[in-house]
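Remarks on the overall topology
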Amino acid sequence: VIVLLPLLVYLLLERRWLALTLSAVLLGGLLAISTAASAPSIRASFASALAPAAAAQTAPAPVADAAPPDLMQRLRHDSVLYAVAKRALYIPGQVIDQWFAFYADPQAREGGCGYRLMARALGCPYVSVPAKLYQVYYPENVRSGMKGNLNAASFMLDYANFGPLGALLGAVLAAWPFCLITLIYRDHPLAVPMNLPLVLASMETSLLTALNSGAGWLAMTALFLLFFRTPK
């Protein structure tokens, strides 16, 4: 998505419908394959759909009084579209709610130790908040040996450290990179396409991570300055 989203938005703005359709089909196919590869239930549904017809003929006949499977249950269990939509629309809000619930108590907040550089300055152990909250909300996974991060929008790290005031100050500081973005891109046709991944990535990771590895903004902006910005 990060790689192809700028292209899709650019083609949409330029009204190049055929290229937009082909690119959207390519992105949809890649999402379907990657989602199916990582989800056992969806992978199993694909395997059963591709089974030879002979196997279906030799399968035992269904019991007459068996209740038909619930359509919504099958959709949630086997559908790539449902899995992607849930990941994009439902999961980010759920994770933010978990962060808010855990740090609603001021005593639970990290007081700056959730930032690596600030933790060194304060002399306190650095706390990786996403990893900490993953252990809190998914202890059964941790007991099984899994490690993970409960990433949330960039302002949530500020809230986890300093509460509402931290979220407010974080929003003010986050405005500066976007001011810089307007100075770099101005009214170029690539301004929206090449910065939209940054906006989306900052919805579930820190802004610094989104600028670097989360959305590849630094690399894309370097390419923009080298090849696409028209000289005056």
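Below, the structure is looked at part by part. Computed from a prediction, not measured in an experiment: that's the story for all the values here.

Let us look at the side chain of Glu 110. Note on placement: Glu 110 falls in the loop between helix H6 (80-102) and helix H7 (116-122). Take Glu 110: its relative accessible area is 11%, and that puts it in the buried class. Of the polar contacts made by the side chain of Glu 110, one reaches the side chain of Tyr 103; its length is 2.6 Å. In this structure Glu 110 touches Tyr 103, Val 127, Val 129, Lys 132, Ala 160 and Asn 161, once residues within four positions along its chain are discounted.

This paragraph deals with the nonpolar core. The biggest cluster of nonpolar side chains holds 16 residues, and the ones touching the most others in it are Tyr 185, Met 194, Leu 198, Trp 217 and Phe 224. Of all the secondary-structure elements, those providing two or more residues to this core are helix H10 (154-185), helix H11 (191-201), helix H12 (207-214) and helix H13 (217-228). For Phe 224, the residues in contact, after removing those within four places along its chain, are Ile 184, Tyr 185, His 188, Leu 190, Met 194 and Arg 229.

We now examine the state of the cysteines. In the structure shown here, the tally under the stated rule is one disulfide. The residue that forms a disulfide with Cys 113 is Cys 124, at a sulfur-sulfur distance of 2.0 Å. Note on the Cys 113 and Cys 124 pair: the S-S dihedral is about -125 degrees, so by sign convention the disulfide is left-handed. In this pair, Cys 113 sits in the loop between H6 and H7 while Cys 124 sits in the loop between H7 and helix H8 (129-137), placing the two residues eleven residues apart along the sequence. Residue Cys 113 is classed as buried on the basis of its relative accessible area of 13%. The exposure class of Cys 124 is buried, given its relative accessible area of 19%.

A few words now on the packing of helix H1 (residues 5-13) against H11. Between H1 and H11, whose axes approach to 8 Å, the crossing angle comes to 135 degrees. In terms of axis orientation, H1 runs oblique to H11. Two packed elements cross with a definite hand, and for H1 against H11 that hand is right-handed. Facing Leu 5, Pro 6, Val 9, Tyr 10 and Leu 13 of H1, the residues of H11 in contact are Val 192, Pro 193, Met 194, Leu 196, Pro 197 and Leu 200.

Below, the discussion takes up the packing of aromatic side chains. Summed over all chains, the structure comprises five aromatic pairs. Considering the side-chain rings of Tyr 115 and Phe 162, the 6.3 Å spacing of their centres and the 20 degrees angle between planes classify their relative orientation as stacked. In this pair, Tyr 115 sits in the loop between H6 and H7 while Phe 162 sits in helix H10, placing the two residues 47 residues apart along the sequence. A cation sits over an aromatic face here: Arg 109 above Tyr 159, 5.2 Å from the ring centre. The ring of Tyr 126 carries Arg 116 above its face, with NZ or CZ at 4.2 Å from the centroid.

Rules used throughout
- Residues numbered from 1 in each chain as written.
- Predicted model: local features only at pLDDT ≥ 70, side-chain atom pairs only at ≥ 80, totals over all residues.
- Heavy atoms only, no water.
- Helix = DSSP H or I, 4+ residues; strand = E, 2+ residues; numbered from the N terminus.
- Buried < 20%, exposed > 50% of the residue type's maximum accessible area, 1.4 Å probe, protein only.
- Polar contact = N/O pair within 3.5 Å; in protein donor to acceptor, adjacent residues only side chain to side chain.
- Contact = heavy atoms within 4.5 Å.
- Core = buried A, V, L, I, M, F, W, Y, C linked by side-chain atoms within 4.5 Å.
- Disulfide = S-S within 2.5 Å.
- Axes fitted to C-alpha atoms, helices over the stretch in contact; angles between N-to-C directions.
- Parallel < 35°, antiparallel > 145°, perpendicular 65-115°, else oblique.
- Left-handed = near helix turned anticlockwise from the far one by under 90°.
- Phe/Tyr/Trp six-rings, centres within 6.5 Å; stacked < 30°, edge-to-face > 60°.
- Lys NZ or Arg CZ within 6 Å of the ring centre and 35° of its normal.

Honestly, it's all geometry; don't read function into it.
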